[in-house]
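# Summary of the model geometry
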Amino acid sequence: KAPSPLPEALPILQLVGVRKTFGAFAAVERIDLDIRDGEFLTIVGPSGSGKTTLLRMLAGMEAPSEGDISLRGVRINETPPARRPTCLVFQSLALFPHKTVGENIEFPLKVKKVAGAARKARALELLRLVQLPESYYAKNVMQCSGGERQRVALARALAYDPDVLFFDEPLSALDYKLKKVMEKELKDLHRLSGKTFVYITHSLEEAMVMSDRIGVMRAGRLVQVGTPEEIYTRPSTKFVAEFMGEVNVFDAVRSGEGWRIDGLDGPAALDLPPGLRTADAAAVVVRPEFLRFVDGQADAQNRLSGVVFNEYALGSRIQYQVRVGEKTFLLELSRANAWGGKPGDAATIGWDARDAIVVAA
Ligand code: ATP
C-alpha cells in the first residue's frame, strides 16, 4: 500500500478574511495568511498601511471586525492577550526603568509563581541566550545601552515562553550601525529559540536580512507574500518593486499592436507575463545591475538616450545616475567594467526584454 502523503503542517496562526474597520474606514482589508510554525515572518509596508492594526489583532489587543484568526486550528478572535501563547515586544521595549536586568527578565516568571532560585537560574540562562554577560543580572536597565536593552527586552519576552513573539519595529530607535548588528542577532536568536517570530517594519532592507518570508502591505491589503528572494526577483506589482528602492521602473502603455515607453527609441520589446496579455498598461522593472550602457559594441533591444549626471563609487561597484528627459535612472557596473565617460557626458542606456520584469501598473 502506498504511504499516504504527510498531512500539511498546521499553521501556527491562520487568518481567513480578516478585516478591521474603524467607523467607515477599513485599516485592514480581508487578509488571508498562514503563519508557519517556527518561521520568521516580516510584514512590511509604508506608514498607515495597516501593519500595527494587523499585529494588534494577532496579539489580541483588537478583535477583527470580520473574518477569523486561529491558533493551531482554534479560533481566537476574542481571546485576550494574556490567554494567548504569544508575546509582544514593543518599539519602546517597555522595560521597568528602576529595576535591574534580572528583575526585568524574572518578571514573567514571578507572575507565574516560579520559585526564587529557579527564577534566577532561568534568567541567567536567558542572559546567555541573548549574549549578555551574567554580571548584567544585577545591573540597572537604565545603565544599559540601547542594544543591550533590546536584548533584555527579548530575554524578558522569552521568559514568558511564548510560542509566537511579535515585534513592533523594535529597532527603529537604534542608530544605523547598531541596527545592522541587531538585525543579525535577531535572526540568530530566532534560530536558537525555535519560536515563531512575526515582525513589522517599514524597512524592506531590514525585512530582507532577517526573514524567512515577507508580506508586503499597502492600504490595508497584503499585496504579496514570499521569500526575500521571491519578493526581490519577482515583485508582483509596481508598488512592491518601487517599495524595494533602487530599481528602475518604466511605465509602458499599449499602442496599437505593440507597447510604448516614453523616451524609448522605437517600440518597446517586452516579455509579457500571461496575466498581462490583455492589459493596457504595465510597469517594466529593470534592476540597476541589468541596465547597461549601449555603444558601438553592445546593443540592447530597448534604448534610451540621456545624460550621466552623477557617479557613485560603492567599493567594488559603481552606480551611475542617468537623466532621460524628466526621469532619472540608476545603472550599476562592477568597478572592473567601469564606464569610460564622465558626469555630464551623453550616454545611451538600455536593456533586453529578458532582463526586465513586467508587472501590473
Ligand atoms: P505606521 O508604520 O505609521 O505605524 P501602520 O502600517 O502600522 O503605520 P496602522 O497603525 O495599522 O498602520 O494604521 C492603519 C490605518 O488605520 C491608519 O490610517 C490609521 O490612522 C488607522 N487607525 C489605526 N488605529 C485606529 C483607530 N483606533 N481608530 C481609527 N483609525 C485607526
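Residues numbered from 1 in each chain as written. Predicted model: local features only at pLDDT ≥ 70, side-chain atom pairs only at ≥ 80, totals over all residues.

Pairing in this open sheet of five strands is antiparallel, and the strands run β14-β18-β15-β16-β17 from one edge to the other. Two strands close off the open sheet at either side, each with one partner strand: β14 (292-294) and β17 (327-334). Sheet twist, expressed as the mean angle between neighbouring strand axes with direction ignored, is 50°. Sheet topology places strand β15 (residues 302-314) next to strand β16 (residues 317-324); seven bridges connect them, and they run antiparallel. Across the sheet, Val 308 pairs through a bridge with Val 322, a residue of β16. (Pairing = 2+ DSSP bridges. Helix = DSSP H or I, 4+ residues; strand = E, 2+ residues; numbered from the N terminus. Axes fitted to C-alpha atoms, helices over the stretch in contact; angles between N-to-C directions.)

Around the ligand lies a shell formed by Phe 22, Ala 27, Gly 45, Ser 47, Gly 48, Ser 49, Gly 50, Lys 51, Thr 52, Thr 53 and His 202. In terms of residues, the shell around the ligand owes the most to one element, helix α1 (residues 51-59), which gives three residues. A breakdown of the residues in the shell around the ligand according to their chemical character gives two nonpolar, eight polar and one charged. (Near = placed C-beta within 6 Å. Nonpolar A, V, L, I, M, F, W, Y, C, P; charged D, E, K, R; others polar.)

At a minimum axis distance of 7 Å, the contact between helix α2 (residues 101-111) and helix α4 (residues 146-159) shows a crossing angle of 20°. As the angle between them shows, α2 and α4 are arranged roughly parallel. Relative to α4, the crossing made by α2 is right-handed. For the pair α2 and α4, contact is made by Val 101, Asn 104, Ile 105, Glu 106, Phe 107, Pro 108 and Leu 109 and by Val 152, Ala 155, Arg 156 and Ala 159, respectively. (Parallel < 35°, antiparallel > 145°, perpendicular 65-115°, else oblique. Left-handed = near helix turned anticlockwise from the far one by under 90°. Contact = placed C-beta atoms within 7 Å.)

Taken over all residues, the pLDDT of the protein has a mean of 90, while the share at 70 or more is 97%. At the level of chain-chain contacts, confidence expressed as ipTM amounts to 0.96, with global pTM at 0.83. (pLDDT = per-residue confidence, 0-100.)

Spatially, β2-β1-β4-β5 is the arrangement adopted by the four strands of the open sheet, whose pairing is antiparallel. Among the strands making up the open sheet, the edge pair consists of β2 (25-35) and β5 (74-75). The pairing of strand β1 (residues 13-22) with β2 spans seven bridges and is classified as antiparallel. Bridge pairing in β2 links Gln 14 to Asp 34.

So, about the environment of Ile 105. Of note, Ile 105 is situated in helix α2. On the basis of neighbour count, Ile 105 is assigned to the buried category, with 32 C-beta atoms found within 10 Å. Taking the C-alpha atoms as reference, Ile 105 lies 8.6 Å from Leu 158; in sequence the two are 53 residues apart. Beyond its immediate sequence surroundings of up to four residues, Ile 105 is in contact with Ala 123, Leu 126, Val 152, Ala 155, Arg 156 and Ala 159. (Buried ≥ 20, exposed ≤ 12 C-beta atoms within 10 Å, placed from the backbone.)

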